[in-house]
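# Examining the three-dimensional arrangement
Letter by letter, the chains look like this.
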Number of protein chains: 2
Amino acid sequence: METKSIDNIIIIGAGNVATHLSKAFLKANKKILQVISKTTESAKELASICNCSYTNNLQDIKAGADLYLIAASDKAIKEIASAFPHKGSLTVHTSGSMPMELLKSTGSNYGIFYPLQTFTKDIPLNYDNIPFCLEASSEEKLEKLKKLAGEISNNLYEINYEQRQMLHVAAVFACNFTNHMYSIANNILQKDKLSFEILRPLIEETAKKVKSSYPNEVQTGPAVRNDKETIDKHMEKLNMFEDYQKIYTFITESIQKEIDSKKRDNN
Amino acid sequence: METKSIDNIIIIGAGNVATHLSKAFLKANKKILQVISKTTESAKELASICNCSYTNNLQDIKAGADLYLIAASDKAIKEIASAFPHKGSLTVHTSGSMPMELLKSTGSNYGIFYPLQTFTKDIPLNYDNIPFCLEASSEEKLEKLKKLAGEISNNLYEINYEQRQMLHVAAVFACNFTNHMYSIANNILQKDKLSFEILRPLIEETAKKVKSSYPNEVQTGPAVRNDKETIDKHMEKLNMFEDYQKIYTFITESIQKEIDSKKRDNN
């Protein structure tokens, strides 16, 4: 039996994830029927992009959508699910760290629609290769979610809760902490009135290298060379940045431990 | 008076930087006259790429090149400079952390030719936008180096020693430490048998965002939202990785301090 596609969607939430997913759905010719957000201003803004109605009252959510997508903060999901008025309709949330069972109070048809990407307001995204991590309360609902995600992206993963949580932690390192490394670099440059511009080609190349290699294969720098003189010099240069000295030390140690364990594995 | 171009170059060193710069020079139609490395095997390998002779003996360095480029470890530069037989010839080194005065023993014509990029063997590079950081013992020699670097790249910077050292530290954060963040993420994924592939679009987008924004403007994640529940959950998930817990804590604190200081600046 062919899986019926999801055509009409109601969006609960109006933040970055809700906005980007709505745009992705519109691009895939889906119809957004309604936007719900406790902040009327945000609801209105997203609704105008989606050319649909909006409300700030969960009790006014329209009936009959093929999918109710909850793109809200982790804390809000449970509350929204409890108040959700159309028991039995297909509901999903987009969180990387909450179980799908949080949606049990909406009835027996629920799932996860977790896009692994960094969403920033006003920064347009290419949705084609965003990894969608999917999970559902039944095989049939999983197929429906797969079909929908497949209309947006070529990158679908069936991921259980344990894996999704680890993925969420890994993403913090690969994205949020990486961005903070860029930020520290920029703060260091500013002390000597150097422009961030000078680092941009290096940042680009660093990311490009791991497109076709694994990061531990392409590690460079004083830590991996065990170049103690340079490391000491850097610590001295960082003496007006106590916190950065601490981070420098721990990451350097972590790089060196990784090399040591690689050596042990090779013996 | 027009600056005479550098046409013939001798390369001292045969590692990653020496190899990539030699390729960049060849692409710009320069002639490499000779390769010198204490490891004969490496000298031979690079010389075959450059179609030139090689030696492992500093006393056999040929006279008459327009430029002698020392792309060697920080420790080796001084020793090479002391033994250098053609006093007064234009010599440069490529180090981000050593002063140009290290080359004083080669005579009075010296400088810095520091490419700010991550060089990995067998990973081809586009040299066009590599930032070259230049410094020289005289205005005339600086012009010569600018002319040469300008034949490889559009990205030239006149940088003094203090700035170059800070840049080198910043590059460790923006490149080496960033790559280690990728590596930690990969190690976390492996525990749950998840492929690094799933993170690649996120890594690409994270780097792409700072091409047109500053990193502190586009920071996302639980630290910047002050989402304590998620942070606690992540710490628990990392309980088999003690070092990663430590790094998680310090970087999270650093992100939060950055936000606090931004708030203070805005008040």
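Our subject is the structure listed above.
Below is a short write-up of the structure. Here the residue index of a chain counts from 1 through its sequence in written order. Whichever chain is written first becomes A and whichever ligand is written first becomes 1, with later ones labelled in order. The predicted origin of the model limits local features to residues at a pLDDT of at least 70 and limits the giving and counting of side-chain atom pairs to 80 or more, whereas totals for whole chains, interfaces and linings rest on all residues. Only hydrogens and water are set aside; all other atoms, that is, all heavy atoms of the structure, feed into the side-chain values.

This brings us to unusual backbone geometry. Residue and element names in this part refer to chain B. One non-glycine residue, N29, lies in positive phi territory at about 65°. Relative to the helices and strands, N29 resides in the loop between α1 (16-27) and β2 (31-36). Even without glycine at this site, D122 takes up a positive phi of about 70°. A helix here means a DSSP run of H or I that spans at least four residues, while a strand means a run of E at least two residues long, and both kinds are numbered starting from the N terminus. Along the chain, D122 falls in the loop between β6 (110-115) and β7 (132-136). Accessibility here uses a 1.4 Å probe with only protein chains present; expressed as a share of the type maximum, an area under 20% marks a residue as buried, one over 50% as exposed, and anything in between as partly exposed. Owing to a relative accessible area of 71%, D122 belongs among the exposed residues under this scheme.

This next bit is on the interface of chain A and chain B. Between two residues, a contact is recorded if the distance between any of their heavy atoms is within 4.5 Å. Listed by partner, the interface residues are 91 residues for chain A and 91 residues for chain B. For the chain A and chain B pair, buried surface summed over both sides reaches about 9000 Å², with 65% attributable to carbon and sulfur atoms. As a working definition, buried area equals the accessible area (1.4 Å probe) given up by two parts on being put together, with both sides summed. Among the residues of chain A in contact with chain B, M166(A), F173(A) and I198(A) are the three that bury the most area, contributing 8% of the side total. Salt bridges are defined by distance alone: a side-chain nitrogen of Lys or Arg within 4 Å of a carboxyl oxygen of Asp or Glu. Our count for the chain A to chain B interface comes out at 6 salt bridges. Polar contacts, as used here, are pairs of N or O atoms within 3.5 Å; protein pairs need one atom able to donate a hydrogen and one able to accept it. Residues neighboring in sequence count only if both atoms are side-chain atoms. One can count 40 residue pairs in polar contact (both at pLDDT 80 or more) joining chain A with chain B. Elements with a minimum of two residues in the side of chain A that touches chain B: α3 (74-83), α5 (161-191), α6 (200-212), α8 (228-237) and α9 (242-266) of chain A.

Before going further, it helps to spend a moment on the nonpolar core. Among buried residues, those of type Ala, Val, Leu, Ile, Met, Phe, Trp, Tyr and Cys that are joined through side-chain atoms within 4.5 Å constitute a nonpolar core. In this structure, F173(A), L199(A), F173(B) and L199(B) are the most contacted members of the largest nonpolar core, which totals 118 residues. Not counting chain neighbours up to four residues away, the residues in contact with L199(B) comprise L116(A), A170(A), A171(A), A174(A), A185(B) and L189(B).

Another point: the environment of K146(B). Residues and elements named next belong to chain B. With respect to the element layout, K146 can be found in helix α4 (residues 139-152). C-alpha of K146 to C-alpha of I11: the two residues are 135 residues apart in sequence and 18 Å apart in space. Here K146 is in contact with L134, L156 and E158, once residues within four sequence places are set aside.

On to the sheet that holds strand β3 (residues 53-55) of chain A, then. Residues and elements named next belong to chain A. Pairing is mixed across the open sheet formed by 8 strands, whose spatial order is β3-β2-β1-β4-β5-β6-β7-β8. Each edge of the sheet is formed by a strand with only one pairing partner; in this case those strands are β3 and β8 (156-158). Adjacent strand axes in the sheet meet at a mean angle of 25° when their direction is disregarded. Pairing between strands is defined by DSSP: at least two bridges between the two strands are required. In the sheet, strand β4 (residues 67-70) pairs with strand β5 (residues 91-93) via 3 bridges, with the strands oriented parallel. From the neighbouring strand, I70 faces β5, where its bridge partner is H93. Axes, fitted as lines to C-alpha atoms, cover a helix only where it is in contact. Angles between the N-to-C directions of the axes lie from 0 to 180 degrees. Strand contacts of helix α2 (residues 40-50): β1 (8-12), β2 (31-36) and β3, with the helix running at about 165° to β3, the strand carrying the most contacts.

Once that is clear, we can look at the relation of the copies chain A and chain B. Mapping chain A onto chain B calls for a rotation angle of 180° and an axial translation of 0.0 Å; the resulting RMSD is 0.0 Å. Considering both components of the superposition, the chain copies are consistent with a two-fold axis. The rotation axis passes nearest to the C-alpha of T178(A) in chain A, at a distance of 2.6 Å. In superposing the copies, a least-squares fit is computed on C-alpha atoms, taking residues whose pLDDT is at least 70 in both.

Take the sheet that holds strand β8 (residues 156-158) of chain B next. All names here are of chain B. Spatially, the 8 strands line up as an open sheet ordered β3-β2-β1-β4-β5-β6-β7-β8, and their pairing is mixed. Edge positions in the sheet fall to β3 (53-55) and β8, since each has one partner strand and no second. The sheet shows a mean angle of 25° between the axes of neighbouring strands, direction not considered. Relative to β6, strand β5 (residues 91-93) runs parallel, the two being bridged by 3 bridges. Counterpart to T91 in the pairing with β6 is Y110.

A separate point is helix α8 (residues 228-237) of chain B. All names here are of chain B. For α8, the set of buried residues is T230, I231, H234 and K237. The arc that holds every buried residue of α8, seen down its axis, measures 120°, which confines them to one face. Among the exposed residues of α8, those pointing more than 90 degrees away from its buried face are K228, D232 and E236. Arc definition: it is the arc formed by the directions from the helix axis to the C-beta atoms.

A separate point is the packing of α1(B) against helix α2 (residues 40-50) of chain B. All names here are of chain B. Where α1 contacts α2, the two axes come as close as 10 Å, and the packing angle between them is 10°. One element, α1, and the other, α2, form an angle in the roughly parallel class. Between α1 and α2 the crossing geometry is right-handed. Seen from α1, the contacting residues are A18, T19, S22, K23 and L26; seen from α2, they are L46, I49 and C50. The residue classification treats Ala, Val, Leu, Ile, Met, Phe, Trp, Tyr, Cys and Pro as nonpolar and Asp, Glu, Lys and Arg as charged. All others, Gly included, are polar. Taken together, the residues of the contact of α1 with α2 break down into 5 nonpolar, 2 polar and 1 charged. Orientation labels follow simple angle bins: below 35 degrees gives roughly parallel, above 145 gives roughly antiparallel, 65 to 115 gives roughly perpendicular, and whatever is left gives oblique. By convention, the crossing between two helices is left-handed when the near helix turns anticlockwise from the far helix through less than a right angle, and right-handed when the turn is clockwise.

This model, assessed by the stated rule, comprises 28 salt bridges over all chains. For K30(A), the salt bridge goes to D7(A), with nearest N and O atoms at 3.6 Å. Placement of K30(A) in the loop between α1 (16-27) and β2 and of D7(A) in the segment before β1 is noted, with a sequence separation of 23 residues between them. With a relative accessible area of 6%, K30(A) lands in the buried category. Close ionic contact of K257(B) with D243(A) constitutes a salt bridge, the shortest N to O distance being 3.0 Å. Taken as a pair, K257(B) in helix α9 (residues 242-266) and D243(A) in helix α9 lie in two separate chains rather than in one. Look at the salt bridges and you will find they share partners, linking D7(A), K30(A) and E151(A) into a network.

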